[in-house]
Amino acid sequence: MSMPESITADLVICRLTQMVTPGGETGQPLRGADLGEVEVHDGDMWIAAYAGEIVAVGHGYEVRERLDLDDSAIIIDAQGMVAVPGLIDCHTHACFAGDRVEEFEMRSRGASYEEIHASGGGILSTVRDTRAALHDDLVARTRQHLAGMLEHGATTIEVKSGYGLDTDTEMDMLRAIQSAGYESAPHVTATCLAAHAIPDEAESADAYLTECIDHLFPDMVEWGLADAVDVFCEQGAFDVEQARRYLEAGRDHGLAMRIHGDQFAEIGALDLAVELGARSIDHLEATGKKGVAKLAASDVVGVALPTAALTLGRPLPPARALVDAGGLLALATDFNPGSSPCDSLPAVMHLACTQCHLSPAEALSAVTVNAAHVLGIGDRTGRLRVGQRADITLLDVPDWRYLAYRLGSENVKHVIVEGVWALEG
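Values in this document were obtained by computation on a predicted structure and should not be read as measured data.

### Comments concerning the packing of helix α7 (residues 205-222) against helix α8 (residues 240-252)
- Running from N to C, α7 and α8 cross one another at 0°; their axes reach a closest spacing of 10 Å. Here α7 is positioned roughly parallel relative to α8, judged by the angle of their axes. Within the contact between the two elements, α7 uses Ala-205, Asp-206, Leu-209, Thr-210, Ile-213 and Phe-217 and α8 uses Gln-242, Arg-245, Tyr-246, Ala-249 and Gly-250.
- When the residues that make up the contact of α7 with α8 are grouped by side-chain class, the tally is 6 nonpolar, 3 polar and 2 charged.

### Here we look at the confidence of the model for the chain
- Averaged over the chain, the pLDDT score is 95; the fraction of residues at 70 or greater is 99%.
- By mean pLDDT, the top-scoring element of the chain is strand β13 (residues 328-331) (99), and the lowest-scoring one is helix α3 (residues 113-118) (74).

### What about the pairing of strand β16 (residues 420-424)?
- Where strand β15 (residues 412-417) meets β16, 4 bridges bridge the pair, whose relative direction is antiparallel. Looking across to β16, one finds that Ile-416 is bridged to Trp-421.
- Linking β15 back to β16 in an antiparallel pair, the connection comprises 2 residues, with Glu-418 at a positive phi of about 50°.

### What to know about helix α9 (residues 269-276)
- Those residues of α9 that fall on the buried side of the exposure criterion are Ala-269, Leu-270, Leu-272, Ala-273 and Leu-276. Seen along its axis, α9 keeps its buried residues to an arc of 160°; they face one direction.
- Contact partners of the buried residues in α9: β9 (228-233), α8, β10 (256-261), β11 (280-283) and α10 (289-296).

### Some remarks on the pairing of β15
- Across the 6 residues that make up β15, a large majority, 5, are buried.
- As defined by bridge partners, strand β14 (residues 392-395) adjoins β15 across 4 bridges and the pair is classed as antiparallel. Its bridge partner being in β15, Leu-395 is matched across the sheet by Val-412.

### Observations concerning the packing of aromatic side chains
- Within the structure shown, the criterion is met by 4 aromatic pairs.
- Ring centres 5.9 Å apart and planes at 55° place the aromatic pair Phe-96 and Phe-335 in the tilted group. Taken as a pair, Phe-96 in the loop between β6 (87-89) and α2 (101-108) and Phe-335 in the loop between β13 and α13 (345-354) lie far apart in primary sequence, 239 residues in all.
- Taking relative accessible area as the criterion, Phe-96 reaches 5% and is therefore assigned buried.
- For Phe-335, a relative accessible area of 9% translates into the label buried.
- Here the aromatic rings of Tyr-402 and Tyr-405 are separated by 5.1 Å at their centres, their planes lie at 80°, and the arrangement is edge-to-face. Note that Tyr-402 and Tyr-405 are positioned in helix α16 (residues 402-405) at a spacing of 3 residues, about one turn of the helix.
- The class for Tyr-405 is exposed, based on a relative accessible area of 56%.
- Through a chain of ring-to-ring contacts, three or more aromatic side chains come together here, namely Phe-96, Tyr-163 and Phe-335.

Cut-offs applied
Residues numbered from 1 in each chain as written. Predicted model: local features only at pLDDT ≥ 70, side-chain atom pairs only at ≥ 80, totals over all residues. Heavy atoms only, no water. Axes fitted to C-alpha atoms, helices over the stretch in contact; angles between N-to-C directions. Helix = DSSP H or I, 4+ residues; strand = E, 2+ residues; numbered from the N terminus. Parallel < 35°, antiparallel > 145°, perpendicular 65-115°, else oblique. Contact = heavy atoms within 4.5 Å. Nonpolar A, V, L, I, M, F, W, Y, C, P; charged D, E, K, R; others polar. pLDDT = per-residue confidence, 0-100. Pairing = 2+ DSSP bridges. Buried < 20%, exposed > 50% of the residue type's maximum accessible area, 1.4 Å probe, protein only. Arc of directions from axis to C-beta. Phe/Tyr/Trp six-rings, centres within 6.5 Å; stacked < 30°, edge-to-face > 60°.

This is the structure in structure tokens:
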């Protein structure tokens, strides 16, 4: 009788009470009813990793006798804990200067969006602060924001530019995102959202986009500063044809396409996302039944941002309807200083369950495998399986559903990023 093949490991998480991972085929997102397909393994579960990659997952009796531990191996006794894949925040604006707490107070007293804008608030307020900030300050602030998200279990975080609205500051933001990513534990991916709003000094929206396409895009691609481009296609921002020109130019540079759309009105952003085969359309608070059906029939992911809808008093995105129609859904924080000052994916999961009527399993898949798909990294992360990156969040809770159940107290105990112990609670 042959002996089982040994497993070299430099990280072992042992004696887990529970291990939970989305189902489905490795590298593929989950759509429709399959979004709620999660595997729940109870009792003495072990996860072993080597060089940042998961090499074994199973019950203790299946794994421990096969282990060949590296001399410097880290062993985590996780008795009483629960393991889930590292959470993935696929839509944030975590690079900015200043805050909008005054605007928050105005809104709490009943001020309208128009009143806030007239008082100097809104996106352009953050643009002024970000333009005035020193580069090192932007890096430090972004690192601080990334650390906060890590504490809530996020191991991969997308960060957008978009508070510069001129080519120099947009480049500075993208460099700050890159530097903060190098210096932070979570994986960071950058998106160029130079088309976030029309700057006050611009001759026209078209002239500003020409400046971005002709000068910003070549430089940021040469320096490898972005993985995707994004545009706010909305009334008062950029129309469909302007968004098309911006996105196609990004695509021609080899960048993925994403769209902020249907936040306040359906002006054709969703149709454009489907036509171009964008990775995602994000927001969807204004999306009607026909839009849901069209999105569900496509391979574009609808990214719901429930904290932004609640902060602005907008309708919740039709997450439940999209899933029921067989579509692809992801969830994200939309962390930003104005419309969503929330850095917690578990809080988003709670709201998605209580307000959008998703199940905890659907919410978990939406912030792991489907969020990974939005960022183009689904083949590397999002599930706890052999061959996937060892990105793991450990919870000090009796049941994995506590992650969504406990609003404001998700009990993240440890976070492992690519096999490295990044957070010890």
